Amino acid sequence: MSAKPPSPDPELDAAMMRLAIEEAHKAMPSPNPPVGAVVLNAAGEVVAVAHHARAGEEHAEGLALAAAGDAARGGTLYVTLEPCNHEGRTPPCVDAVLSAGIKRVVVGAPDPNPSVVGGGAQRLSDAGLAVDVGVAGAEARALIAPWTKFITTGIPHIALKLALSLDGRIATRTGASKWVTGPEARAKVQELRSRHDAVAIGIGTALADDPRLTLRESALAPGGRSPIRLVFDTRLRLPLHTRLAQTAREVPTWVLTGADAPEEAEQVLVDAGCVVLRAPTSAEGRVDVTAAMRLCASQGIVSILVEGGAELAGSLLASRLPDELHAFVAPILLGPRGRPGAVDWAGPDTPGDAPRIVDPRWELCGRDAYVSGPLAFPARS
């Protein structure tokens, strides 16, 4: 007679799922979702913890079960995302679960992939395992929120970052913008960069600030990965002497341009090591941001941090694309004639029509105020 599945313990289940979520944060396996797993033996002792490190490598469930070995038999598997039931670059995870002799599987979030929803949990249940889905569900869903948007919409998860004065400016009347915010805020931006697949700016910011958009060694993303640098440049004006072009062979640098941009300018940038991607242009004559974001997703970019400038931020907000906002407000006044404002767009008709941060988180970064959170857009009338 086979052993009975371990009995559910709500407090233990929640604690083990949070341990699996913590483990999942150790890597960014884009374009795959971050996943963590914990294995308990039949006596309720943790015998293995693992995470999915890189796309194409072993998934968290398989790694944890392999590490547990025979100790997994009769035990419980906690996994942040429903085990896959389809053949990809690795075998289906449900096969490993069934082979390991696990009696109970606890899942944080169901798989939102439209082609596999419910498949893994159902197969495990059909095989006689006890399956519980939704433990620490809000935290498990938050873990994969960028990937969920990517896999269900074909558009990357977009975080918009603004650094502005008390009167909403990002530069003085002479165009000087270094530095509006202090070193603590800039350190926080380094942390934000490390959590995204790509960092994006507009050509205006590239020309005015000549940024590197790189990470300090201490802020490198899990696995030492540096985010791709994206420049929205409708007419391919990025000069070869900029630090972005000069370092394009060292750090991936993509230029998103319009369909009619000069081919000669494209070849010059390609010869420098840049990748040039062409997208349709909008009615305003700029790169169509929605089409460009779909193009980025088709290349495997799951999440993007947009750092500037005002035109790019405005285009994204007008298209209702940003998923979250990170705003750093410095306690300085740059004047009503400062140029430009933080966002260049027509904006809402009334405050009630304005996009706003849901459940904003406020903190101090040195002398600067930092507010962040998911961005919500009112329903269109």
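Here is what the cut-offs are and how they apply
- Counting from 1, residues in each chain are numbered in the order their sequence is written.
- Restriction of local features to residues with pLDDT of at least 70 applies here, the model being predicted, together with a cutoff of 80 or more for giving and counting side-chain atom pairs; totals for whole chains, interfaces and linings are based on all residues.
- The side-chain quantities take in all heavy atoms of the structure and omit both hydrogens and water.
- Pairs were defined over the aromatic rings of Phe, Tyr and Trp, the Trp ring being its six-membered one, requiring ring centres within 6.5 Å. Orientation was assigned from the angle between planes: stacked under 30 degrees, edge-to-face over 60, tilted for the rest.
- As a reminder, the over-ring test applies to NZ of lysine and CZ of arginine, requiring each to be within 6 Å of the ring centre and within 35 degrees of the ring normal.
- Where each domain starts and ends comes from a domain assignment, either automatic or drawn from a database.
- Only one rule defines a salt bridge in this text: a Lys or Arg side-chain nitrogen within 4 Å of an Asp or Glu carboxyl oxygen.
- For this scheme, ten residues count as nonpolar: Ala, Val, Leu, Ile, Met, Phe, Trp, Tyr, Cys and Pro. Four count as charged, namely Asp, Glu, Lys and Arg, and the remainder, Gly too, count as polar.
- We call a set of buried Ala, Val, Leu, Ile, Met, Phe, Trp, Tyr and Cys residues a nonpolar core when their side-chain atoms join them within 4.5 Å.
- Buried means the residue's accessible area, taken with a 1.4 Å probe over protein chains only, is under 20% of the maximum for its type, while exposed means over 50%, and partly exposed covers the values in between.
- Numbering goes from the N terminus for both helices and strands, where a helix is a DSSP run of H or I of at least four residues and a strand is a run of E of at least two.
- Residue contacts are defined here by distance: any two heavy atoms, one from each residue, within 4.5 Å place the two residues in contact.
- In this analysis, the protein atoms alone were mapped onto a 1 Å grid. Cavities are point sets where a 1.4 Å probe fits without being able to get out; pockets are open sets with protein on both sides within 12 Å along at least five of seven lines; lining residues have an atom within 4 Å of a point.
- Grid points are joined across faces, edges and corners, and a volume is the space filled by probe spheres set on the points.
- UniProt positions are given in the numbering used here, feature names are shortened, and annotations may be inferred rather than shown by experiment.
- Any two strands with at least two DSSP bridges between them are considered paired.
- Axis definition: a line fit to C-alpha positions, over the contact stretch in the case of helices; interaxial angles, taken between N-to-C directions, run 0 to 180 degrees.
- Arc, as used here, means the arc of the directions from the helix axis to the C-beta atoms.

Please provide a residue-by-residue account of the packing of aromatic side chains, values included.
For the structure shown, the criterion picks out one aromatic pair. Residue placement shows R186 over the ring face of W179; its charged tip is 4.4 Å from the ring centre.

Tell me what's going on with the domain arrangement of the protein, and back it up with residues and numbers.
The domains assigned to the protein are domain 1 (10-145) and domain 2 (154-376). Using only C-alpha atoms to locate each centre, domain 1 and domain 2 end up separated by 35 Å. In this structure, the connection of domain 1 to domain 2 is made through zero salt bridges. Across the side of domain 1 that touches domain 2, the residue classes tally to four nonpolar, two polar and two charged.

Describe the nonpolar core, listing the residues and the values that go with them.
For soluble globular proteins, nonpolar side chains are generally found buried alongside one another. Core analysis: the largest hydrophobic core is formed by 40 residues, its most contacted members being M17, V39, V97, I102 and V105. With five residues, helix 1 (residues 10-24) is the largest single contributor of residues to this core. Ignoring anything within four residues of it in the chain, the contact list for V105 reads L77, V79, V97, L124, L129, A130, V131 and D132.

Tell me what's going on with the layout of surface pockets, and back it up with residues and numbers.
Empty space within the second largest pocket amounts to approximately 810 Å³. Every residue lining the second largest pocket is counted, 33 residues in all, and those nearest its centre are H25, A142, L143, P146 and R195. At the level of secondary structure, the elements contributing two or more residues to the lining of the second largest pocket comprise helix 5 (137-143), helix 6 (145-153), helix 7 (183-194), strand 12 (324-329), strand 14 (361-365) and strand 15 (368-376). Of the residues assigned to the lining of the second largest pocket, the class counts are 15 nonpolar, 10 polar and eight charged. Mapping the lining of the second largest pocket onto the domain boundaries places at least three of its residues in each of domain 1 (10-145) and domain 2 (154-376).

Got a sec to walk through the UniProt feature "binding site: substrate" (unreviewed entry) in the protein? Specific residues and values, please.
Annotation from UniProt places "binding site: substrate" (unreviewed entry) at S177, R193, L213, R216 and E307. For R193, the position within the fold is in helix 7. On the basis of relative accessibility, which here comes to 11%, the residue R193 falls in the buried class. Not counting chain neighbours up to four residues away, the residues in contact with R193 comprise V199, L213, T214, L215, P227, L305 and E307. Residue position: L213 is located in the loop between helix 8 (203-209) and strand 8 (228-232). If sequence neighbours within four positions are ignored, L213 has contacts with R193, V199, I201, R229, L244 and E307.

Give a description of the UniProt feature "binding site: Zn(2+)" (unreviewed entry) in the protein that names residues and reports values.
Here, UniProt's "binding site: Zn(2+)" (unreviewed entry) annotation points to H59, C84 and C93. For the residues just named, distributed over 35 residues, the greatest C-alpha separation is only 9.4 Å, placing them together at one site. Mapped onto the fold, C84 is located in the loop between strand 3 (76-81) and helix 3 (93-100). Dropping the residues within four chain positions of it, C84 is found in contact with H59, E61, P91, P92, C93 and V94. Relative to the helices and strands, C93 resides in helix 3. Sequence-distant contacts of C93, defined by excluding residues within four places in its chain, comprise H59, E61, P83 and C84.

Talk me through the side chain of S372; I want residue IDs and the actual numbers.
Turning to its location among the elements, S372 is positioned in strand 15. Relative accessible area serves as the criterion here: at 2%, S372 is assigned to the buried category. Among all residues touching S372, those that are not within four sequence positions of it are L325, H326, I357, D359, P360 and R361.

A description of the sheet that holds strand 2 (residues 46-51) should follow, citing residues and the corresponding values.
Across the sheet, which stays open at both edges, the five strands sit in the order 2-1-3-4-5 with mixed pairing between neighbours. In this open sheet, the two edge strands, each paired with only one partner strand, are strand 2 and strand 5 (130-133). Averaged over all pairs of adjacent strands, the angle between strand axes in this sheet comes to 15 degrees, irrespective of strand direction. The pairing of strand 3 with strand 4 (residues 104-109) spans five bridges and is parallel. Bridge pairing links L77 to V105 in strand 4.

Can you break down helix 3 residue by residue, with the values?
Looking only at helix 3, the buried set comprises C93, V94, V97 and A100. For helix 3, the arc enclosing every buried residue in end-on projection is 130 degrees, short of the 170-degree limit, so these residues lie on one face. Buried residues in helix 3 make contact with helix 2 (60-68), strand 3, strand 4 and helix 4 (119-126). In the stretch just after helix 3, G101 is the one whose phi turns positive, near 80 degrees.

Any details on the pattern of salt bridges? Residues and values, ideally.
Per the stated rule, a full pass over the model turns up 16 salt bridges. A salt bridge links D210 to R243; its shortest N-O distance comes to 3.8 Å. Of this pair, D210 sits in the loop between helix 8 and strand 8 while R243 is found in helix 9 (residues 243-246), placing the two residues 33 residues apart along the sequence. D210 sits in the partly exposed class, given a relative accessible area of 24%. Look at R243 and you get partly exposed, because its relative accessible area is 27%. Notably, a salt bridge pairs R286 with E311, separated by 3.7 Å at the nearest N-O pair. Taken as a pair, R286 in the loop between strand 10 (275-279) and helix 11 (289-298) and E311 in helix 12 (residues 310-318) lie far apart in primary sequence, 25 residues in all.

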